[in-house]
Amino acid sequence: MPSGPAMLLGSFLLMVATTTVAQPRGQKVSRSRWIHRIQQGQCSYTFVLPEPCLPEPEPFGSSNSLPGDSPADPPPLGDWRSQRVRQLEKVLENNTLWLQKLERYIQMNLKPELTQAQQHMVQNQTATVLELGSNLLNQTTTQAHKLTNVEAQVLNQTSRMKAQLLEASLSTNKLEKQLLLQGIELHQLQTRNSALETRVLTLETQQQAELDDIRDEKERLQHLLGRQSGALAGLERSLRAASSNSSLLQRQQRQLLESVQRLVQVVAQGPASAIKAAEQMFQDCAEIQRSGANASGTYTIHVANVTKPRKVFCDLETSGGGWTLIQRRENGSVNFQRNWKDYKQGFGDPAGEYWLGNELVHQLTSRATYSLRVELRDWEGNEVYAQYEHFQLGSEGQLYRLSLSGYSGSAGRQSSLVLQGTNFSTADADNDNCHCKCAQMLSGGWWFDACGLSNLNGNYYSLHQHMRKLNGIRWHYFKGPSYSLRATRMMIRPVDL
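Residues numbered from 1 in each chain as written. Predicted model: local features only at pLDDT ≥ 70, side-chain atom pairs only at ≥ 80, totals over all residues. Heavy atoms only, no water.

Colleague: In this structure, what is going on with the overall build of the protein? I would like to understand it.
Modeller: For the protein, the helix and strand inventory stands at nine helices and 14 strands. Expressed as a percentage of its 497 residues, the buried residues of the protein come to 29%. Counting only contacts in the protein whose residues sit at least 6 apart along the sequence, the fraction spanning at least 24 positions is 53%. (Helix = DSSP H or I, 4+ residues; strand = E, 2+ residues; numbered from the N terminus. Buried < 20%, exposed > 50% of the residue type's maximum accessible area, 1.4 Å probe, protein only. Contact = heavy atoms within 4.5 Å.)

Here it is as structure tokens:
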């Protein structure tokens, strides 16, 4: 690119040429000086040029002519023009010389400034390069420190991994030793198992021989039973003829029928087991069914931790039998508005409406796992049931707390009994979770929780009076919260039956 002085000189030459060309065109030139200013970056240059003086042609008849002289002839027009061109060429030559002097002057004066500017630029570039080098050196040092730290961390992690591998190796050795010991113990157990299997086979052989003897005795007893069946049939006809409407006679008839059934069972089992049958005591209806009974009715059970034997009703037919009834409602003949003591000991007639008793139910369910079946019948003849796979009743100290699980059945999409943690309440023992005393408001004794979704021990209402009764016999998910049912049964049996 052209330098600053060269650009300045070019601008000046352009200006002079323009001025020179304009003069022949007859422009009027003043006698003042020519001034031209040029701006170059931050510097301003001013040029002052003198205007050349050109001789003017003398007019004809001037005072220089002598008087009496004849007037000279005017110069020809062509000579004047050539003279004018020579004058302009001299002016241009003078201007060119002056411009050459001016260029030498500018070069002499601006050269040190240009040199100084170049040195200053080099110094600035050198300082910048040094600063960049210093920054690069600092960054290199920082990166070196970071790399050193990373190497130290890698070494630490490697040491830790080596220690962990050593620990894992030790643990593996321990496990191998334990597996070896367990293998030895397993071999010993297999040896013992072989010995036990041999004993079991021996016992099975002995039991098979005993079963063969029992079958022979059974055939003999069946012949004896056939002889006695006629006499028993006549006895049953006599009992039916002697029956009356009296409830006392009915109870006696039931007891007599029970005795006859047991006598039939004793005869079927043979004389050798008669004494054992007389001394045998049953804990619940499931044991009675296992002994050979298959007719539903009233039986006597002897429950552990209960001093007196109890009469219970056994359902030996529904859903496989073996059920011990703990509650029944069917006609309103028994008053269920009882206190805590009555619900603890039980009340009513096992052949009709009754409550078996919380304490006896607790003793039964505390020695084995029981299931619960609830059967319901409405006034339209519909019958449904709710069954719970696991049922347990806590002790009196636990307020006979109810525990249920495994609901199924047709009595609603879900259970109307609270499954866990509900205490039993009566009018004189408020153990529910409501400040309103549900037993007094809804009547009867029940697991109310917060007055709850059911109460099978409520007031009994007959037909046409059973609607809109909140204190009646209720099961919410069957007939709603205010429908009093016609009949209910609650019964239990062991799960393993």
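Colleague: Is there a simple way to think about the state of the cysteines in this case?
Modeller: When the sulfur atoms of two cysteines share a covalent bond, that bond is a disulfide. Under the defined criterion, the tally for this structure stands at three disulfides. A sulfur-sulfur distance of 2.4 Å marks the disulfide that ties Cys434 to Cys436. When the S-S torsion is 125°, as for the bridge of Cys434 with Cys436, the disulfide is right-handed. Here Cys436 falls in the partly exposed class, since its relative accessible area comes to 34%. (Disulfide = S-S within 2.5 Å.)

Colleague: I keep staring at the packing of aromatic side chains and nothing clicks. Help me out?
Modeller: Two descriptors summarise a pair of aromatic rings, namely the distance from one centre to the other and the angle between the planes of the rings. Applying the stated criterion across every chain yields a total of twelve aromatic pairs. For the ring pair Trp340 and Phe424, a centre distance of 6.3 Å and an interplane angle of 65° mean the geometry is edge-to-face. Pair noted here: Trp340 is in helix H6 (residues 340–345) and Phe424 is in the loop between strand S11 (420–422) and helix H8 (438–442), with a separation of 84 residues, a long-range link. Among the residues examined, Trp340 registers a relative accessible area of 14% and is labelled buried. Taken together, a centroid distance of 6.3 Å and an interplanar angle of 45° make the contact between Trp355 and Trp447 tilted. With Trp355 in strand S7 (residues 354–355) and Trp447 in the loop between H8 and strand S12 (454–455), this residue pair connects regions lying 92 residues apart in the sequence. (Phe/Tyr/Trp six-rings, centres within 6.5 Å; stacked < 30°, edge-to-face > 60°.)

Colleague: Explain the pairing of strand S9 (residues 383–393) here, please?
Modeller: Here is the key point about a regular strand: its side chains alternate between the two faces of the sheet. Across seven bridges, the pairing between strand S8 (residues 370–377) and S9 is antiparallel. Bridge pairing links Arg377 to Glu383 in S9. Joining the antiparallel neighbours S8 and S9 is a turn of five residues, in which Gly381 adopts a positive phi near 90°. Summarising the sheet, S9 and strand S10 (residues 402–409) pair through seven bridges and their orientation is antiparallel. Bridging across to S10, Phe391 finds its partner in Leu404. (Pairing = 2+ DSSP bridges.)

Colleague: Would you explain a negative patch on the surface in this entry?
Modeller: Negative charge collects at one region of the surface, where Glu210, Asp213, Asp216 and Glu219 lie side by side. Positionally, Glu219 belongs in helix H2 (residues 77–242). (Patch = residues over 30% accessible without salt bridge, like charges linked within 9 Å, V, L, I, M, F, W, Y side chains within 5 Å. Areas by Shrake-Rupley, 256 points an atom, 1.4 Å probe, with all protein chains shown as cover. Salt bridge = Lys/Arg side-chain N within 4 Å of Asp/Glu carboxyl O. Lys, Arg positive; Asp, Glu negative; His and termini not counted. Charge placed at Lys NZ, Arg CZ, Asp CG, Glu CD.)

Colleague: Can you walk me through helix H7 (residues 358–367) in this structure?
Modeller: Quick reminder: α-helices carry 3.6 residues per turn. Residues three or four places apart thus point the same way. For H7, a buried count of seven out of ten residues is recorded, marking the element as mostly surrounded by other parts of the structure. Taken together, the buried positions of H7 are occupied by Asn358, Leu360, Val361, His362, Gln363, Leu364 and Thr365.

Colleague: Help me out: how do you make sense of unusual backbone geometry in this one?
Modeller: Excluding glycine, most residues fall at negative phi; most peptide bonds, likewise, are trans. Despite not being glycine, Tyr400 shows a phi value in the positive range, around 50°. Summarising the element assignment, Tyr400 is placed in the loop between S9 and S10. The backbone of His464 shows a phi angle near 70°, a positive value even though the residue is not glycine. A relative accessible area of 70% places His464 in the exposed class.

Colleague: Explain the pattern of salt bridges to me, please; I cannot follow it from the model alone.
Modeller: Two side chains of opposite charge can pair, provided their charged atoms sit close to one another. All chains considered together, the criterion is met by ten salt bridges. The salt bridge partner of Lys479 is Glu380, with a shortest N-O separation of 3.8 Å. Of this pair, Lys479 sits in helix H9 (residues 476–479) while Glu380 sits in the loop between S8 and S9, placing them 99 residues apart in sequence. Judged by its relative accessible area of 49%, Glu380 falls in the partly exposed class. Through salt bridges that share partners, Asp315, Arg373, Glu375 and Arg489 make up one connected network.

Colleague: Teacher, can you tell me more about a nonpolar patch on the surface here?
Modeller: A contiguous nonpolar patch, built from Leu180, Leu181 and Ile184 and spanning about 310 Å² of accessible area, is present on the exposed surface. Note that Leu180 resides in helix H2.

Colleague: Whenever I open this one, the environment of Trp446 confuses me. Can you help?
Modeller: Within the secondary structure, Trp446 is located in the loop between H8 and S12. Taking the C-alpha atoms as reference points, Trp446 and Asp432, 14 residues apart in sequence, are found 9.3 Å from one another. Sequence-distant contacts of Trp446, defined by excluding residues within four places in its chain, comprise Leu417, Asn423, Phe424, Ser425, Ser454, Asn455, Leu456, Asn457 and Met490.

Colleague: Which parts of the structure should I look at to understand the confidence of the model for the protein?
Modeller: Detailed reading of the predicted model is not advised wherever pLDDT is low. This prediction gives the protein a mean pLDDT of 80; 73% of its residues lie at or above 70. Contacts for the low-pLDDT stretch residues 54–72, under 50 throughout, to residues beyond four places or in other chains number eleven contacts. (pLDDT = per-residue confidence, 0-100.)

Colleague: Can you help me understand the pairing of S10 in this one?
Modeller: In this sheet, S11 lies alongside S10 in antiparallel orientation, the contact comprising two bridges. Residue pairing in the sheet places Ser403 in a bridge with Gln420 of S11.

Colleague: Is there a simple way to think about the side chain of Thr365 in this case?
Modeller: Structurally, Thr365 is set in helix H7. For Thr365, a relative accessible area of 3% corresponds to the buried category. At 3.3 Å, the side chain of Thr365 forms a polar contact with the backbone nitrogen of Leu393. Aside from chain neighbours lying at most four places away, what touches Thr365 is Tyr370, Phe391, Gln392, Leu393 and Ile492. (Polar contact = N/O pair within 3.5 Å; in protein donor to acceptor, adjacent residues only side chain to side chain.)

Colleague: Whenever I open this one, the environment of Ser443 confuses me. Can you help?
Modeller: Take Ser443: it is sitting in the loop between H8 and S12. Considering only alpha carbons, one finds Ser443 and Thr426, 17 residues apart in sequence, at a separation of 8.1 Å. With sequence-adjacent residues up to four places away left out, Ser443 is seen in contact with Gln337, Cys438, Phe448, Asn455, Asn457, Gly458, Asn459 and Asn471. One polar contact links the side chain of Ser443 to the main-chain amide nitrogen of Asn459, over a distance of 3.4 Å.

Colleague: It is not clear to me how the environment of Tyr385 should be interpreted in this structure. Could you clarify?
Modeller: Relative to the helices and strands, Tyr385 resides in strand S9. Leave out the neighbours within four places in its chain, and Tyr385 touches Arg373, Val374, Glu375, Ser408, Gly409, Ser410 and Ala411.

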